[in-house]
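Each chain, letter by letter, is given below.
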Amino acid sequence: MKRFDKQSDNVKGALILMLAAFGFSMMVAMIKLAGQHLPVSQILFVRQLGMALMLGPVLVRSFPDAFRTNHLSLQFARIMLALIAMSCGFTAVIHMPLAEATAIAFAKSFFVTIFAVLILKEVVGLYRWGAVVVGFLGVIVMLRPGAEGFSIYGLLALIGAASAGLVMVIIRLLSRTDTPSTILAFQAIGVGLIMAIPAFIQWVPPTPREWALLAGIGVVSYYSQKANIYAFSYGEASLLASLDYVRLIYATVFGWLLFSELPGGSTWVGAGIIVSASIYTVHRESKRMQRLASGPSGRGFSSH
C-alpha cells in the first residue's frame, strides 16, 4: 500500500483502471457462461437487483434527495436506452466470441461524437470526423455484411454501442443539474423494475453454479464500476481512455481459456482499426483541452 501511495496520480489511476477493466471483462465472461442456459432478461434483472441492494445503504442515507431530479423525462430516456444497450450487448456477448463483441462495443466512442454534435451542439473538427469514419470502417470489417460470416449478433452489438453512446450524452446533460447518486439510482432501480416482468415470464430455475454466476455478475459489476470511478478521480481522462482498450486483451484471454475462442483475421484487423481511431480521437480531445486550458479563460482571467 505504501508503494501505491508513492506513485503519481496518473500511475494510480492506470493501476486501478487495469483492475476495473479486468473486472468488467470477468463480468462479461460470467454473463456468457450464465447465458448458455439462462435468458438475458433473467441475467439482467438479477444483476440490477444485486446492484440496487449494494446501493441500498447509500440510497437510504440520501433519501429522498437521491430521487429528486430536474429532468424526469431524460432520466426515463436514459433508463430505456440503458435497457437497450445492456439487452443487446448481453445477447451479443453470449452468442459472439468475447473479443469480437468487446471490440464492437468500443464503437460507443464514435456514437458519442455523433450524438454530442446533434444533441449538445458540440463543434467537431475534420480530423475527429475522419476518425469516426475510419472507426466505422473497422466495425464494417468485423461485421462483414453480405459475407458468410455475417451475424445478426454483431448488429446487436453495434445497436448496444449506439445506445450506450447516447446514454453517455444524456448523462452529460443530467450531470449539469442532478447528482451522481440520483443518476445511478434511477438506472439501477428503473432497469430492474422494467426487467422484472420478462424475467418472471422467462424464469429458468438456476443451478447452484448459475446462482453463483449471477451473484458474481452483480458483485463484480458494482465493484468494477466503483474502481472505474476511482481511476478517473486520480488519472487524466485522456490517458485512461486509451488504456481502457486493455479490455480487448482480457476478453481474448477469457475467450480462449473458457470457450476455446480465438479471434479470426477480420476481427484482429477490424479491432486494430477501431482502437487506433478511438485513441486518435482521445488524443485530439486531449490536445483541444490543453489549448483551452492555456487560453485566457483557462488561466483564470479574461481578455475582456
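Parameters and conventions
Residues numbered from 1 in each chain as written. Predicted model: local features only at pLDDT ≥ 70, side-chain atom pairs only at ≥ 80, totals over all residues. Heavy atoms only, no water. Helix = DSSP H or I, 4+ residues; strand = E, 2+ residues; numbered from the N terminus. Polar contact = N/O pair within 3.5 Å; in protein donor to acceptor, adjacent residues only side chain to side chain. Contact = heavy atoms within 4.5 Å. Phe/Tyr/Trp six-rings, centres within 6.5 Å; stacked < 30°, edge-to-face > 60°. Buried < 20%, exposed > 50% of the residue type's maximum accessible area, 1.4 Å probe, protein only. Patch = residues over 30% accessible without salt bridge, like charges linked within 9 Å, V, L, I, M, F, W, Y side chains within 5 Å. Areas by Shrake-Rupley, 256 points an atom, 1.4 Å probe, with all protein chains shown as cover. Salt bridge = Lys/Arg side-chain N within 4 Å of Asp/Glu carboxyl O. pLDDT = per-residue confidence, 0-100. Core = buried A, V, L, I, M, F, W, Y, C linked by side-chain atoms within 4.5 Å. Expected span 1.5 Å × (residues − 1). Bend = angle between axes of the 7 residues up to and from the residue. Lys, Arg positive; Asp, Glu negative; His and termini not counted.

**Student:** Just checking my understanding: could you explain the side chain of Gln187 for this structure?
**Tutor:** Within the element layout of this structure, Gln187 appears in helix H9 (residues 180-202). Among the polar contacts made by the side chain of Gln187, one reaches the side chain of Arg78 at a distance of 2.5 Å. Other than its neighbours up to four places away in sequence, Gln187 contacts Gln48, Arg78, Ile79, Ala82, Met86 and Gly192.

**Student:** Looking at this structure, I do not really get the packing of aromatic side chains. What am I missing?
**Tutor:** Working definition: an aromatic ring pair is given by the centre-to-centre distance plus the angle between the planes. For the structure shown, the criterion picks out 5 aromatic pairs. Ring centres 6.2 Å apart and planes at 20° place the aromatic pair Phe111 and Phe115 in the stacked group. A residue pair is termed a helical-turn pair when its members lie 3 or 4 positions apart in one helix, as Phe111 and Phe115 do in helix H6 (residues 108-119) at 4 residues. Its relative accessible area of 12% is what places Phe111 among the buried residues.

**Student:** Explain a nonpolar patch on the surface to me, please; I cannot follow it from the model alone.
**Tutor:** Residues Ile249, Val253, Trp256, Leu257, Leu258 and Leu262 make up a contiguous nonpolar surface patch of about 630 Å² in total accessible area. Tracing the backbone shows Leu257 in helix H12 (residues 246-259). The class of Leu257 is exposed, set by a relative accessible area of 56%.

**Student:** Got a minute to help me understand the environment of Gly154 in this structure?
**Tutor:** Here Gly154 lies in helix H8 (residues 152-174). Residue class for Gly154 comes out buried when judged on its relative accessible area of 2%. Each residue touching Gly154, except ones within four places of it in the same chain, is listed here: Met96, Ile104 and Leu143.

**Student:** Would you mind going over the confidence of the model for the chain with me for this structure?
**Tutor:** Keep in mind that low pLDDT regions are not for reading the predicted coordinates in detail. Across the chain, pLDDT averages 80, with 84% of residues at or above 70. Here residues 292-304 is modelled with pLDDT under 50, and outside its nearest four sequence neighbours on either side it reaches 8 contacts, counting other chains as well.

**Student:** Got a minute to help me understand the nonpolar core in this structure?
**Tutor:** Nonpolar side chains in soluble globular proteins tend to end up buried together. Counting residues in each nonpolar core, the largest one holds 65 residues, and the members touching the most others are Ile43, Leu98, Phe111, Leu158 and Val191. A per-element tally of this core places H8 first, with 10 residues. Non-local contacts of Leu158, meaning those with residues more than four positions away in its chain, are made with Ile104, Ala107, Phe111, Phe136, Val139 and Leu143. Core analysis: the second largest hydrophobic core is formed by 6 residues, Leu17, Ala20, Phe24 and Ala231 among them.

**Student:** Looking at this model, I keep getting lost on H9. Mind explaining?
**Tutor:** Between its terminal C-alpha atoms H9 stretches 33 Å, which fits the 33 Å expected from 23 residues at 1.5 Å a residue. Largest kink in H9: about 40°, centred on Ala196, with the proline Pro198 one to four residues after it. Every buried residue of H9 is listed here: Thr182, Ile183, Ala185, Phe186, Gln187, Ala188, Gly190, Val191, Gly192, Met195 and Ala199. Check the buried side of H9 and you find it contacts helix H3 (40-61), helix H4 (72-95) and H8.

**Student:** Please clarify how unusual backbone geometry should be interpreted in this entry.
**Tutor:** With glycine set apart, most residues show a phi of negative sign, and most peptide bonds adopt trans. Here the phi dihedral of Ser260 falls at roughly 55°; this positive angle occurs in a residue that is not glycine. Structurally, Ser260 is set in the loop between H12 and helix H13 (265-294). Assessed through its relative accessible area of 65%, Ser260 is described here as exposed.

**Student:** What am I meant to see in the side chain of Glu210 here?
**Tutor:** If you trace the backbone, Glu210 turns up in helix H10 (residues 208-234). For the buried Glu210, no salt bridge is present, and the opposite-charge side chain at shortest range is Arg209, 5.2 Å distant. Side chain to side chain, Glu210 and His37 meet in a polar contact 2.8 Å long. The contacts of Glu210, once residues within four sequence positions are left out, are His37, Leu38 and Pro205.

**Student:** Would you mind going over the pattern of salt bridges with me for this structure?
**Tutor:** Oppositely charged side chains may form a pair once their charged atoms are brought near each other. Applying the stated criterion to the full structure yields 1 salt bridge. With a shortest N-O distance of 3.4 Å, Glu261 and Lys32 are connected by a salt bridge. Here Lys32 lies in helix H2 (residues 9-34) and Glu261 lies in the loop between H12 and H13, a separation of 229 residues in the sequence.

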